[in-house]
Amino acid sequence: MSTLQIGDMCWVENLAAGTSGGEQASHGHHPSRVAGKVLAVSDSMVTVAPEWGELCPTCALKPEHTPAHRPAKVNVPLGNSADAGQLAVSVMDTSNAEGRADMMELADPAVGELMYNLRLRYKAQPMQFYTYVGDILVVVNPMADMGVSGEETKATYAGLPFRDASAPPHIYAVAEAAHKALAETAAPQVIVISGESGAGKTYATNDVLDFLAYRGSGCDPAPAPGPNAGAAPSPPGAEIVAKIRAISGVIEALGNAKTSRNHNSSRFGKLVKVQFDEAGAIEGAALQTYLLEKSRIVDQQPGERNYHIFYLMFQFLDRGERSARGLSDSVADYPYLVGSHGKNAKSWQYMPSDPSAPQAGLEPMADAKRWEAFIDAVVTLNLEDDLSCV
């Protein structure tokens, strides 16, 4: 083991596994190796301040906190680390201490080390929530619009080789790699987006579609600005692109719901197929849904909702429109919208939030914005007549 000095970053083995003062995490999400900073060193003992790095579960921009059951510092005996029940401490490699944009470059690529690297990048200024693991992109939900998905950013990654050192990791790089491979090989390309509820799958999917629409509309890498630069003409396939972007507004209203962890959780799987012509321009698209959570229709857990569309109709259709559809004036009249015994009669209008926050549960759902997006999408897709028949 390298010599430890005060201020060094290090790894502590078995701290989260319940040995020598460490306590198992209540949700089991801590790895066996936890990062820490050396506070003191003697011939027989090292004192380490663990960096637990626990975040608010619903707002990643809030400060980290250390729960009461987590030790603020631990004393690690030096000697034979193989002794039963003994903690072990080791110096952290420079690559792990500094963090890497591609975690394949880390000297120690185990679970704890990968999580610490993600944490370093997530807490950086500006936040770096995209990280590569070889050909895989890990996205840690920033819980906010970080302003990295505009036209200028698209132009940066259009035509750029995957994992090019000149640009940081980004989901646009994955979409560009797929688009490039399609153009070069004419073979179908697949992008798999997976994660638990609240991980940001819906936003990631929209970002991929948005970039493919940008590239598939004939948008090549942006030329350098010059004296003759002017407004770009409308690219070919612009109408198809607009309809692709509108699809999400409809399917989110019909198939997304508020859960205890996520106020806009997709409760179904979807396969989006985008067809390109030989020139690489989009010529069509199809969307297939599957595995809809049907049980949510009849009842929901405390603090959750049925599908968005039901609440939007009650809030934004006028009385005459509701009456024409046989609806009353109140969501509370329908047990399948407020849960059995009315358990969600007061919570359906509010977002889930950190239970420890002073204003827990008082942030309104973004239903007005959601309804506006839904109506805009309906108009774009020419579904007004279908909506009037609902």
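Our structure is the block above this text.
Residues numbered from 1 in each chain as written. Predicted model: local features only at pLDDT ≥ 70, side-chain atom pairs only at ≥ 80, totals over all residues. Heavy atoms only, no water.

Focus on the nonpolar core
With 26 residues, the main nonpolar core has Leu-137, Tyr-157, Ile-171 and Phe-211 as its most contacted residues. Broken down by secondary-structure element, the contributors of at least two residues to this core are strand E6 (130-133), helix H3 (151-157), helix H4 (171-185) and helix H5 (201-216). Among residues more than four places away in sequence, those in contact with Phe-211 are Lys-154, Tyr-157, Ala-158, Tyr-172, Ala-175 and Glu-176. Counting residues in hydrophobic clusters, the runner-up holds 11 residues, among them Ala-253, Leu-312, Ala-377 and Val-378. (Core = buried A, V, L, I, M, F, W, Y, C linked by side-chain atoms within 4.5 Å. Buried < 20%, exposed > 50% of the residue type's maximum accessible area, 1.4 Å probe, protein only. Helix = DSSP H or I, 4+ residues; strand = E, 2+ residues; numbered from the N terminus. Contact = heavy atoms within 4.5 Å.)

A few points about the pattern of salt bridges
Side chains that differ in sign of charge can pair as their charged atoms come close. Following the criterion strictly, the structure yields 15 salt bridges and no others. Close ionic contact of Glu-51 with Arg-119 constitutes a salt bridge, the shortest N to O distance being 3.0 Å. In this pair, Glu-51 is assigned in the loop between strand E3 (45-50) and strand E4 (74-77) and Arg-119 in helix H2 (residues 111-122), connecting sequence segments 68 residues apart. The partner of Asp-210 in a salt bridge is Lys-154, and the shortest N-O contact between them spans 2.9 Å. Taken together, the residues Asp-210 in helix H5 and Lys-154 in helix H3 connect sequence positions 56 residues apart. The pair formed by Asp-210 and Lys-154 is uniform in burial state, with each residue classed as buried. One salt-bridge network, held together by shared partners, links Arg-267, Glu-293, Arg-296 and Glu-304. (Salt bridge = Lys/Arg side-chain N within 4 Å of Asp/Glu carboxyl O.)

Observations regarding the sheet that holds E3
Working definition: the strands of a sheet are paired by backbone hydrogen bonds and lie parallel or antiparallel to each other. Strand order in the open sheet made by the five strands is E4-E3-E2-E1-E5, with antiparallel pairing throughout. Unpaired on one side and paired on the other, E4 and strand E5 (88-91) mark the two borders of the sheet. In this sheet, adjacent strand axes meet at a mean angle of 45° when their direction is disregarded. The sheet contact formed by strand E2 (residues 33-41) and E3 spans five bridges and is antiparallel. Residue pairing for E3: Lys-37 is matched across the bridge by Ala-49. Against the sheet, H2 engages strand E1 (9-13) and E2, with an angle of about 140° to E1. (Pairing = 2+ DSSP bridges. Axes fitted to C-alpha atoms, helices over the stretch in contact; angles between N-to-C directions.)

Regarding the environment of Ala-285
Considering the arrangement of structural elements, one finds Ala-285 in strand E11 (residues 282-290). With 11 residues separating them in the primary sequence, Ala-285 and Val-274 have C-alpha atoms 4.3 Å apart.

Points about the packing of aromatic side chains
This model, assessed by the stated rule, comprises 11 aromatic pairs. Taking the centre distance of 5.7 Å and the plane angle of 80° together, the rings of Trp-11 and Tyr-116 count as edge-to-face. Separated by 105 residues along the polypeptide, Trp-11 in strand E1 and Tyr-116 in helix H2 bring together distant segments of the chain. Among the residues examined, Tyr-116 registers a relative accessible area of 8% and is labelled buried. For the pair Phe-129 and Tyr-130, a centre-to-centre distance of 4.5 Å together with 40° between the ring planes defines the contact as tilted. Residue Tyr-130 is classed as buried on the basis of its relative accessible area, which comes to 9%. Three or more aromatic residues joined by ring pairs form one cluster here, namely Phe-310, Phe-314, Tyr-334 and Tyr-336. Cation over ring: Arg-305 sits above Tyr-311, and NZ or CZ is 4.3 Å from the ring centre. (Phe/Tyr/Trp six-rings, centres within 6.5 Å; stacked < 30°, edge-to-face > 60°. Lys NZ or Arg CZ within 6 Å of the ring centre and 35° of its normal.)

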